[in-house]
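# Survey of secondary and tertiary structure
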Amino acid sequence: MQRARTDQAKDDRREVLLNAALHEFFERGFSAARMDDIAKRAGLSKGTLYLYFDSKGALFTSLIETFALPNVERIEMAARAAGGARNAIRAVMALAPSLVRESVVPLIAKILIADAPAFPDMATTYRKTVIERVLAVFTDILKDAHETGEIDVSNPALTARLIVAPIFFSAMWRVVFEHDDEAKFDVAKLFALHEEMLLRALHFKEEAA
């Protein structure tokens, strides 16, 4: 295999290796996956794999950085640019179906859940860099909305968890159950209904609409 010479060639090879690792971890589990098999799936040598990543842990960290964090940033940007809690909820609920159906984030989360007891540091990294960032953006928005009188919410941090919970539920449902076509459901309708129920439950002031 010829060595990658240009920056673009190196980036392309790195992406091939990450995709191979993602599917190897997902199919076999993080614990059982081997660097040899990841390299083989990528169509590259084990030596080439080690030029880019020195361990499975480094591969998983790069999966988070490459695939999960850009989607976290999409959520943050959509929520903060929306202007107010009402519009932030609408913006993220509109984005949620693509996160569940089109991104690989559900696969990463499934890998983590399967092996979290054996790799607690990996779980902590994911919690801090992905989940807590999503929760933080909604917690801040809800606090601001409470202070401006847009809504009356007694516990913004817990309310943030209620807002994003269906995203994680739907992601896990996709990767655990939807090998069976009968288990599939309309994600867009689910999030439209979730938005409707949230807006009603939070009792937005009419003058803030």
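One can find the structure itself at the top, above this paragraph.
Described below are features of the structure shown in this document. (Residues numbered from 1 in each chain as written. Predicted model: local features only at pLDDT ≥ 70, side-chain atom pairs only at ≥ 80, totals over all residues. Heavy atoms only, no water.)

### Overview of the overall build of the protein chain
Rule in force here: For the purposes of this entry, the term helix denotes a DSSP run of H or I that reaches at least four residues, the term strand denotes a run of E that reaches at least two, and both are numbered from the N terminus. When a residue's accessible area, from a 1.4 Å probe over protein chains only, is under 20% of the maximum for its type it is buried; when over 50% it is exposed; and in between it is partly exposed. Contacts are residue-level and defined by heavy atoms, with any inter-residue pair within 4.5 Å sufficient. In these tables, accessible area is a Shrake-Rupley quantity obtained with a 1.4 Å probe, and a residue counts as shielded only by the protein chains included in the view.
Regarding its fold elements, the protein chain presents 9 helices and 0 strands. Helices (α) and strands (β) of the protein chain occur, in sequence order from the N terminus, as α-α-α-α-α-α-α-α-α. Each of the 209 residues in the protein chain was classed as buried or not, and the buried ones make up 43%. Relative to all contacts within the protein chain whose residues are 6 or more apart in sequence, the contacts with residues 24 or more apart total 69%. Looking at the protein chain as shown, the accessible area adds up to about 11,400 Å², and 54% of this sits on carbon and sulfur atoms.

### A look at the side chain of serine 62
Residue position: serine 62 is located in helix H4 (residues 56-82). Under the relative-accessibility criterion, serine 62 is labelled buried at 9%. Ignoring any residue separated from it by four or fewer positions in sequence, one finds serine 62 in contact with Arg14, Leu18 and Phe53.

### A closer look at the packing of aromatic side chains
Under the convention used in this document: Only centres within 6.5 Å qualify two rings of Phe, Tyr or Trp (six-membered ring in Trp) as a pair; their planes then separate them into stacked at under 30 degrees, edge-to-face at over 60, and tilted for everything else.
Per the stated rule, a full pass over the model turns up 6 aromatic pairs. Taken together, a centroid distance of 4.8 Å and an interplanar angle of 80° make the contact between phenylalanine 30 and phenylalanine 119 edge-to-face. Taken together, the positions of phenylalanine 30 in the loop between helix H1 (7-28) and helix H2 (35-42) and phenylalanine 119 in the loop between helix H6 (105-115) and helix H7 (120-148) put the pair 89 residues apart, joining distant regions of the chain. Given a relative accessible area of 3%, phenylalanine 30 falls into the buried group. Taking relative accessible area as the criterion, phenylalanine 119 reaches 27% and is therefore assigned partly exposed. Where phenylalanine 169 meets tryptophan 173, the ring centres are 5.7 Å apart and the plane angle is 40°; that geometry is what we call tilted. In this pair, phenylalanine 169 and tryptophan 173 are both assigned in helix H8 (residues 156-177), 4 residues apart and thus about one turn of the helix distant.

### Re the nonpolar core
For clarity, the threshold we go by: To define a nonpolar core, start from buried Ala, Val, Leu, Ile, Met, Phe, Trp, Tyr and Cys residues and group those joined through side-chain atoms within 4.5 Å.
Counting 64 residues, the largest nonpolar core has Phe25, Leu59, Phe60, Ile89 and Phe138 as its most contacted members. When residues of this core are traced back to their parent elements, those giving at least two are H1, H2, H4, helix H5 (85-101), H6, H7, H8 and helix H9 (187-201).

### With respect to unusual backbone geometry
The backbone of histidine 203 shows a phi angle near 55°, a positive value even though the residue is not glycine. With respect to the helices and strands, the residue histidine 203 is situated in the segment after H9. What makes histidine 203 exposed here is its relative accessible area of 59%.

### Digging into the pattern of salt bridges
Rules: For this analysis, a salt bridge means a side-chain nitrogen from Lys or Arg found within 4 Å of a carboxyl oxygen belonging to Asp or Glu.
This model, assessed by the stated rule, comprises 11 salt bridges. When the shortest N-O distance is used, the salt bridge between glutamate 196 and arginine 200 registers 2.8 Å. Within this pair, glutamate 196 and its partner arginine 200 are both found in helix H9, separated by 4 residues, close to a single helical turn. Members of the salt-bridge network, linked through shared partners, are Glu24, Glu27, Arg28 and Arg41.

### Structural notes on the packing of H6 against H7
To be explicit about the condition: An axis is simply a line fitted to the C-alpha atoms; with a helix, the fit covers only the stretch in contact. Between two such axes, the angle follows the N-to-C directions and lies from 0 to 180 degrees. Crossing handedness follows the turn of the near helix against the far one: under a right angle anticlockwise gives a left-handed crossing, and clockwise gives a right-handed one. Under the scheme applied here, ten amino acids are nonpolar (Ala, Val, Leu, Ile, Met, Phe, Trp, Tyr, Cys and Pro), four are charged (Asp, Glu, Lys and Arg), and all others, including Gly, are polar.
In contact at an axis separation of 10 Å, H6 and H7 are set at 145° when each is read in the N-to-C sense. The crossing of H6 and H7 is left-handed. The segment H6 lies against H7, with Val105, Ile108, Ala109 and Leu112 engaging Met122, Ala123 and Tyr126. Considering only residue class, the contact of H6 with H7 consists of 7 nonpolar, no polar and no charged.

That is the geometry; function is a separate question.
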